[in-house]
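Secondary and tertiary structure notes
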There are 2 protein chains.
Amino acid sequence: MEKVTIRDIARLAGVSKSTVSLVINNSPRVDPETRGRVLAVITRHNYVPSATASALAKGRPPFISMIVPGLTWRLVAPLNYGVASVIERTPYEIILYTSTNDHDYAPVIDRMLASGLSAGVLVINQDQTMQPLLDLHAQGVPVVLINTLGSHFDLPSVEADNYEGAYGAVRHLLDLGHRRIASLAGPMTYPCCQDRQRGYQDALTEAGVPIDASLTQQSGFQPPTARELVRELLERADRPTAVFAHNDVTAYAAMDAAADRGLRVPEDLSVVGFDDIPSSAHVKPALTTVSQPFEAMGEHAARMLLAAISSESASSESASSESGEGSAPGGHGPPPARVHLPTTLIVRDSTGPAPS
Amino acid sequence: MEKVTIRDIARLAGVSKSTVSLVINNSPRVDPETRGRVLAVITRHNYVPSATASALAKGRPPFISMIVPGLTWRLVAPLNYGVASVIERTPYEIILYTSTNDHDYAPVIDRMLASGLSAGVLVINQDQTMQPLLDLHAQGVPVVLINTLGSHFDLPSVEADNYEGAYGAVRHLLDLGHRRIASLAGPMTYPCCQDRQRGYQDALTEAGVPIDASLTQQSGFQPPTARELVRELLERADRPTAVFAHNDVTAYAAMDAAADRGLRVPEDLSVVGFDDIPSSAHVKPALTTVSQPFEAMGEHAARMLLAAISSESASSESASSESGEGSAPGGHGPPPARVHLPTTLIVRDSTGPAPS
DNA sequence: CTGAAAGCGCTTACAG
DNA sequence: CTGAAAGCGCTTACAG
């Protein structure tokens, strides 16, 4: 069971190593007959080129790195599914870098850079400092962000359509007859929250419902805070009949607050969340929420990265021959792509007709 | 910003590449003074050896592979945390192989083997066919299983102490005064379920409670089945006052069944689960359950794998010089290690004193 | 269209 | 203790 190398294949096929290499790399300048013969030998012997050797010779690593901060683990399952489904059809493998420090992944990036193994990197970003990523990009390593916070960065990114998601959620509440709808907002420093809030307001405005600013409360995404805020809201004479929470865990808190006040969900209060984390199907009552398209985001991000990698290597090759165009790192090309993927409203048991 | 190589370091330190290499690999036969000088140059220039080059030269890949079948994604967050925390102190990186086919990861293994990138592999196994893994092992690639089902395989594995976990859960119920305790069992073909069932029975027996076989029902881990079974159980005149479910999702079903019958949890019925998946903290009432030590399992598995890798390379080196001892693949050494890690009972709101 | 040769960046006997 | 040389398995100009 000796390891079969390119030399063996060359000998068995009666050609040179060069030719085998050309066949492997799909060079067009190989005689079809020769190619067929080589291919036959390759498959017969189950030959697979050594990834390390070819990486070394090519000077280009066969890996895509995925950086996963601890905080984002809840999302990584479907995300990774999407990423894996596109990467598995390429010669790349996925290296997983887990960042144990949630706020700063500079150490992880150093390690990654040092190993020189990454053709490109996918990062699930939350609230981290971005500088290390920008540095990475500046060094010519393509980066794409899976942007859970919707922040604006000078890097290509994929994110959910937060505005549309929120709009749809509130539209759903309006359709059920609700007019007094509270917004339990996340940190408004996060662009995703700004977008969700705009969706909330626009849905209301379009339905002719005047905006009552006192109905928007800042939970900071903290469940205890959220619970307290909703409790206060429910004490008012003109209490809301529905709440739109900027994420699922604060939606749970809203339901807890209703229980605290002896109110039933959805009979007395409807609640809708955002994210659709796994628990939301199990909570009682099951939560109506906006599902983020994580799997699709993973797929899309992977495809963008692959494209960036090939254009990167193309541009660096042509850099000398052509007049230095293209979006080379450091260059001031077009702004990086930001793709927004549609969300889905998952209607479960926490929303119902407005009480009369 | 040219890539600095071993040649640069050698020149700058005034030594040969060989010497630099020896320093990098911590060879004892380098003059301390020389070593210091080389190290200084290395750090000053931020030099990090190319992983691919050294892999090629050494003939040993710098990666640990982790195979994650889709089904097991729920566990992978804490598991990976554990794995990452030990791997990050080694020169290895983690390659993530996601198996899209839940029942057969042969294709993934083929790919992994083909790339020749894995020094060892960690697999989270569920209900898959094991043959590909045994083949892998036979080819000399160390494998360790993170054994979620407790199956007996001819491979080293790490698993939760299912027996003790179940015993403790039932003990908790007994301490609360319960005597009629049902077991909502998973598939008894799974060793983990057999162990959980034994834990259940032994706790009962030790407490002097006779075993009533009609109180054990087979849910097959299917929530709808579980719900129906518990519903029937609760209809009986001598209905149980508590149920021990072999996993969390069927525990949720048991709570649903109680609601179906107008029974309150925990006042009328106590429920305890097994696993402690994230939802269990959010369910109403929050579920008392046995927490599997996933993070510790990941750490332990990673350490076992590292040990296997080094003894593997050691034994293949000494194979000619020594008399061929050691647990070489295919050899009939001692049976593979199976480590059981302790679980923790998480007491939340779904269990309470037995009704009088 | 194909082959001989040099090279990718390291490691490892082998001399000294 | 250190260096020169060959080699790991591939790729890529360069000839032909």
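The rules behind these values
- Note on numbering: residues in each chain are counted from 1, in written sequence order.
- Chain labels run from A onward and ligand labels from 1 onward, assigned in the order the entries are written.
- Residues qualify for local features only when their pLDDT is at least 70, as the model is predicted, and side-chain atom pairs are given and counted only at 80 or more; totals for whole chains, interfaces and linings, by contrast, use all residues.
- Neither water nor hydrogens contribute to the side-chain values; these are computed over all heavy atoms in the structure.
- A helix here means a DSSP run of H or I that spans at least four residues, while a strand means a run of E at least two residues long, and both kinds are numbered starting from the N terminus.
- A simple rule labels every residue: compare its accessible area, found with a 1.4 Å probe on the protein chains alone, to the largest value its type can have, and call it buried under 20%, exposed over 50%, or partly exposed in between.
- Note on contacts: a residue pair qualifies if any of its non-hydrogen atoms lie within 4.5 Å across the two residues.
- For accessible areas, the Shrake-Rupley method is used with a probe of radius 1.4 Å. Any residue's cover is judged against the shown protein chains and nothing else.
- The charge count includes Lys and Arg as positive and Asp and Glu as negative, but it does not include His or the ends of the chains.
- To locate a charge, take atom NZ for lysine, CZ for arginine, CG for aspartate or CD for glutamate.
- The pLDDT value expresses, per residue, how confident the predictor is, ranging between 0 and 100.
- The term salt bridge refers to a pairing of a side-chain nitrogen on Lys or Arg with a carboxyl oxygen on Asp or Glu at a separation within 4 Å.
- Any pair of N or O atoms that falls within 3.5 Å is considered a polar contact. Within protein, one atom must be able to donate a hydrogen and the other to accept it, and sequence-neighbouring residues count only if both atoms are side-chain atoms.
- Under the scheme applied, nonpolar residues are Ala, Val, Leu, Ile, Met, Phe, Trp, Tyr, Cys and Pro; charged residues are Asp, Glu, Lys and Arg; polar residues are all the others, including Gly.
- Residues are classed as near a molecule or strand on a simple rule: at least one heavy atom within 4 Å of it.
- UniProt positions are given in the numbering used here, feature names are shortened, and annotations may be inferred rather than shown by experiment.
- An automatic or database domain assignment provides the domain bounds reported here.
- Pairing of aromatic side chains requires ring centres within 6.5 Å, counting the rings of Phe and Tyr and the six-membered ring of Trp. Pairs whose planes differ by under 30 degrees are stacked, by over 60 edge-to-face, and all others tilted.
- We call a charge positioned over a ring when the NZ of a Lys or the CZ of an Arg lies within 6 Å of the ring centre and within 35 degrees of the ring normal.
- The superposition of copies rests on a least-squares fit of C-alpha positions from residues with pLDDT of 70 or more in both.
- Both site types are read off a 1 Å grid over the protein atoms alone. A 1.4 Å probe that fits but cannot get out defines a cavity, while an open set with protein on both sides within 12 Å along at least five of seven lines defines a pocket; lining residues have an atom within 4 Å of a point.
- Grid points are joined across faces, edges and corners, and a volume is the space filled by probe spheres set on the points.
- We call two strands paired when DSSP finds no fewer than two bridges between them.
- Definition of nonpolar core: a set of buried residues of the types Ala, Val, Leu, Ile, Met, Phe, Trp, Tyr and Cys, connected through side-chain atoms within 4.5 Å.
- All axes are obtained by fitting lines to C-alpha atoms, using only the stretch in contact for helices, and the reported angles, taken between N-to-C directions, cover 0 to 180 degrees.

**Topic: the overall build of chain A**
Helices and strands together make up the secondary structure of chain A, namely twelve helices and twelve strands. Expressed as lengths along the three principal axes of its C-alpha atoms, the size of chain A is roughly 90 × 45 × 35 Å. Among the 356 residues that make up chain A, the fraction classed as buried is 52%. For chain A, restricting intrachain contacts to residue pairs at least 6 apart in sequence, the fraction spanning at least 24 positions comes to 73%. Summed over its atoms, the accessible surface of chain A is roughly 15,500 Å², and 53% of this surface lies on carbon and sulfur atoms. Positive and negative side-chain charges of chain A, numbering 28 and 38 respectively, have mean locations separated by a distance of 7 Å.

**A look at the confidence of the model for chain A**
Of the residues in chain A, 91% reach a pLDDT of 70 or more, and the chain-wide mean stands at 86. pLDDT under 50 marks residues 316-332 of chain A. Its contacts with residues more than four places away, or in other chains, come to five contacts.

**Description of the interface of chain B and chain A**
Often, the extent of an interface is quoted as the loss of accessible area upon association of its parts. The interface of chain B with chain A comprises 44 residues on the first partner and 44 residues on the second. Two residues, A:Lys284 and B:Asp256, come together in a salt bridge whose shortest N-O distance is 2.5 Å. Across the chain B-chain A interface, the total number found is six residue pairs in polar contact (both at pLDDT 80 or more). Elements with a contribution of two residues or more to the side of chain B that touches chain A: α4 (51-58), α5 (73-87), β2 (93-99), α6 (106-115) and α11 (248-260) of chain B. Its residues assigned to classes, the side of chain B that touches chain A shows 25 nonpolar, twelve polar and seven charged.

**A few points about the protein's contact with DNA strand C**
Around DNA strand C sit 23 residues, and of these A:Ser18, A:Thr34, B:Ile6, B:Ser21 and B:Tyr47 come closest. Taking the atoms of DNA strand C that fall within 4 Å of the protein, sugar and phosphate contribute 63% of them. Note that a phosphate oxygen of DNA strand C is positioned 3.0 Å from one of the backbone N or O atoms of A:Ser16. Within the residue set of the surface near DNA strand C, elements represented by two or more residues are α2 (17-24) and α4 (51-58) of chain A together with α2 (17-24) and α4 of chain B. Sorting elements by how many residues they give to the surface near DNA strand C places α4(B) first, with four residues. Residues belonging to the surface near DNA strand C are distributed by class as follows: nine nonpolar, ten polar and four charged.

**Observations concerning the UniProt feature "domain: HTH lacI-type" (unreviewed entry) in chain A**
Taking the UniProt record as the reference, the feature "domain: HTH lacI-type" (unreviewed entry) is found at residues 4-58 of chain A. As annotated, residues 4-58 of chain A comprises 67% helix and 0% strand, and the C-alpha atoms at either end are separated by 20 Å.

**Quick word on the domain arrangement of chain A**
Per the domain assignment, the segments of chain A are domain 1 (6-49), domain 2 (63-160 + 295-314 + 336-341) and domain 3 (162-291). On a C-alpha basis, the centroid separation for the pair domain 1 of chain A and domain 2 of chain A is 35 Å.

**Structural notes on the packing of aromatic side chains**
All names here are of chain A. Summed over the entire model, instances satisfying the criterion amount to six aromatic pairs over all chains. Geometrically, the ring pair formed by Tyr 190 and Phe 221 is tilted, given 6.5 Å between the ring centres and 45° between the ring planes. Pair noted here: Tyr 190 is in the loop between β6 (181-185) and α9 (191-206) and Phe 221 is in the loop between β7 (216-218) and α10 (223-235), with a separation of 31 residues, a long-range link. Here the basic side chain of Arg 196 rests over the ring of Phe 274, its NZ or CZ set 3.8 Å away from the ring centre.

**Focus on the relation of the copies chain B and chain A**
The transformation that overlays chain B on chain A combines an axial shift of 0.0 Å with a rotation of 180°, and the residual RMSD is 0.0 Å. Given the turn and translation reported, the copies of this chain are related as if by a two-fold rotation axis. Here 100% of the interface residues in chain B have copies in chain A that are interface residues too; the copies meet face to matching face.

**Here's the deal with empty space enclosed by the protein**
Tallied over the full model, the rule gives one cavity of 30 Å³ or more. In this model, the largest cavity occupies a volume close to 30 Å³. Every residue along the wall of the largest cavity is listed here: A:Ala51, A:Thr52, A:Pro62, A:Phe63, A:Leu117, B:Ala51, B:Thr52, B:Pro62, B:Phe63 and B:Leu117. Looking at side-chain class alone, the lining of the largest cavity contains eight nonpolar, two polar and no charged residues.

**Some words on the pairing of strand β10 (residues 288-291) of chain B**
All names here are of chain B. As paired strands, strand β9 (residues 270-275) and β10 are joined by four bridges and run parallel to one another. Along β10, the bridge assignment pairs Gly 273 with Thr 289. Pairing between β10 and strand β12 (residues 344-346): three bridges, direction antiparallel. Residue pairing for β12: Val 290 is matched across the bridge by Leu 345.

**Digging into the protein's contact with DNA strand D**
Close to DNA strand D lie 23 residues, the nearest being A:Ile6, A:Ser21, A:Tyr47, B:Ser18 and B:Thr34. Sugar plus phosphate, as a fraction of atoms of DNA strand D within 4 Å of the protein: 63%. With respect to DNA strand D, the side chain of A:Lys17 contributes an N or O atom lying 3.0 Å from a base nitrogen. Residue B:Ser18 places a side-chain N or O atom 2.4 Å away from a base nitrogen belonging to DNA strand D. Those elements that place two or more of their residues in the surface near DNA strand D are α2 and α4 of chain A together with α2 and α4 of chain B. Ranked by residue count, the leading element in the surface near DNA strand D is α4(A), at four residues. Counted by class, the surface near DNA strand D contains nine nonpolar, ten polar and four charged residues.

**Thoughts on the side chain of B:Thr52**
Relative to the assigned elements, B:Thr52 resides in helix α4. Look past the residues within four positions of B:Thr52 in its chain and what remains in contact with it is A:Thr52, A:Ala55, A:Leu56 and A:Leu117.

**A look at the nonpolar core**
With 64 residues, the main nonpolar core has A:Ile87, A:Leu122, B:Ile87 and B:Leu122 as its most contacted residues. If sequence neighbours within four positions are ignored, A:Ile87 has contacts with A:Ile64, A:Tyr92, A:Ile94, A:Ala302, A:Leu306 and B:Arg111.

**Digging into the sheet that holds strand β6 (residues 181-185) of chain B**
Residues and elements named next belong to chain B. Ordered by their spatial adjacency, six strands build an open sheet running β7-β6-β8-β9-β10-β12, and the pairing between neighbours is mixed. Every other strand in the sheet has two partners, leaving β7 (216-218) and β12 as the edge strands with one partner each. In this sheet, adjacent strand axes meet at a mean angle of 20° when their direction is disregarded. The pairing of strand β8 (residues 242-245) with β9 spans three bridges and is classified as parallel. Each bridged residue has a counterpart across the sheet, and for Phe 244 the counterpart in β9 is Val 272. Packing of helix α8 (residues 162-175) onto the sheet brings it into contact with β6, β8, β9, β10 and β12, and relative to β9 it is tilted by some 165°.

**Examining the pattern of salt bridges**
Residues and elements named next belong to chain B. Taken as a whole, this structure holds 34 salt bridges over all chains when the rule is applied. The partner of Asp 260 in a salt bridge is Arg 231, and the shortest N-O contact between them spans 2.7 Å. Placement of Asp 260 in helix α11 and of Arg 231 in helix α10 (residues 223-235) is noted, with a sequence separation of 29 residues between them. We classify Asp 260 as partly exposed; its relative accessible area is 33%. Close ionic contact of Arg 303 with Glu 299 constitutes a salt bridge, the shortest N to O distance being 3.4 Å. With Arg 303 and Glu 299 both in helix α12 (residues 294-318) and four residues apart, the pair spans about one turn of that helix.

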